[in-house]
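# Observations on the three-dimensional arrangement
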Amino acid sequence: MTPPVQEPGEPWPIRRRAVLGGAAAIPFLLAFGGTLPAEAAVLPLPPVDDAMAGLAAFLVPGRDPFSVRQGRTSGSDGGVAAGAGPALRYVYDQAIPYPIVGRPFDLNLPGAAAVAAILNLVAVEVDPGSALGPFAASFANLAFTGKVEVFRRLEEPGLADGTPVRFFLDTMPTLAAFVSYSDAGVFDRATNRLTAIPVGWEISAYQGIGEGWNEFRGYYRGIDRVTD
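Not measured: the values here are computed from a predicted model.

## Side note on the overall build of the protein chain
Broken down by element type, the protein chain carries nine helices and two strands. The linear arrangement of helices and strands in the protein chain, starting from the amino end, is α-α-α-α-α-α-α-α-β-β-α. Residues counted as buried form 43% of the 228 residues belonging to the protein chain. For the protein chain, the accessible area works out to roughly 12,700 Å², and carbon and sulfur atoms hold 57% of it.

Here you go:
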């Protein structure tokens, strides 16, 4: 089955899109206002961790299974190994503690759950087969080009413009790349110390925190002022 075709200039009405893929799509139906029998309502929704890992692999590919699945890898570790997925979940849960309500994303979900639901729903529309891949999140099952298409659709002019939703949609790629190169994945909040060398330091050849250089200590040749 081929994904729906968009006419040039036609916005994607996200609330009305058909979610395909059988049982694997049930969490997305629930998240977007669908109804299910009571016995099916216990399914977890949405698969946040896999969605965040798929996002991290998209921005900073590595040699992890998420990068391999998308067909874009690296010879070194990437965003997934850097712990960007859990860090993204934490940031979005802290930054968006209230449900996303209102057009076009009337999700009634807060934080990272809302981000994952949006990524997964659009992913199923880009490639219905992504709902049946090895990962719980459809977005994580997409090929790299499919993920590009997801963001192309999310960045269409007129989609949630002028709303807080537009702002957090725009943060997804930037924040995922930033967190992948940060020390968030190995930072212990209880002790305010790093538990290991951050992956971002290794892949960027960063030499670590500098405590200063001898030639910058004190005044050059004792000169501490300039006179006319």
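Having seen the structure, we can now continue with the description.
## Regarding unusual backbone geometry
Most peptide bonds take the trans form, and the phi angle of most residues other than glycine is negative. Phi is positive for Ala 160, close to 60 degrees, though the residue is something other than glycine. Since its relative accessible area comes to 6%, Ala 160 is described here as buried. Even without being glycine, Ala 205 reaches a positive phi, approximately 60 degrees. You can see Ala 205 is positioned in the segment after α9 (199-203).

## So, helix α7 (residues 144-154)
Of all the positions in α7, only Phe 144, Gly 146, Lys 147, Val 150, Phe 151, Arg 153 and Leu 154 are classed as buried. Against α2 (48-59), α3 (65-70), α5 (111-126), α6 (138-141) and α8 (164-180) lie the buried residues of α7.

## Topic: the nonpolar core
By size, the foremost hydrophobic cluster in this structure holds 46 residues, and its most contacted members are Leu 119, Val 150, Phe 168 and Met 172. When residues of this core are traced back to their parent elements, those giving at least two are α2, α4 (84-95), α5, α6, α7 and α8. Of all the elements, α5 adds the most residues to this core, at eleven residues. Apart from residues no more than four positions distant in its own chain, Phe 168 is found in contact with Tyr 92, Ile 96, Ile 100, Val 115 and Ile 118.

## Overview of α2
Spanning twelve residues, α2 covers 17 Å between terminal C-alpha atoms, matching the ideal 16 Å at 1.5 Å per step. Those residues of α2 that sit buried are Val 48, Ala 51, Met 52, Ala 53, Gly 54, Leu 55, Ala 56, Ala 57 and Phe 58. Packed against the buried residues of α2 are α3, α4, α5, α6, α7 and α8.

Parameters at a glance
- Residues numbered from 1 in each chain as written.
- Predicted model: local features only at pLDDT ≥ 70, side-chain atom pairs only at ≥ 80, totals over all residues.
- Heavy atoms only, no water.
- Helix = DSSP H or I, 4+ residues; strand = E, 2+ residues; numbered from the N terminus.
- Buried < 20%, exposed > 50% of the residue type's maximum accessible area, 1.4 Å probe, protein only.
- Areas by Shrake-Rupley, 256 points an atom, 1.4 Å probe, with all protein chains shown as cover.
- Contact = heavy atoms within 4.5 Å.
- Core = buried A, V, L, I, M, F, W, Y, C linked by side-chain atoms within 4.5 Å.
- Expected span 1.5 Å × (residues − 1).

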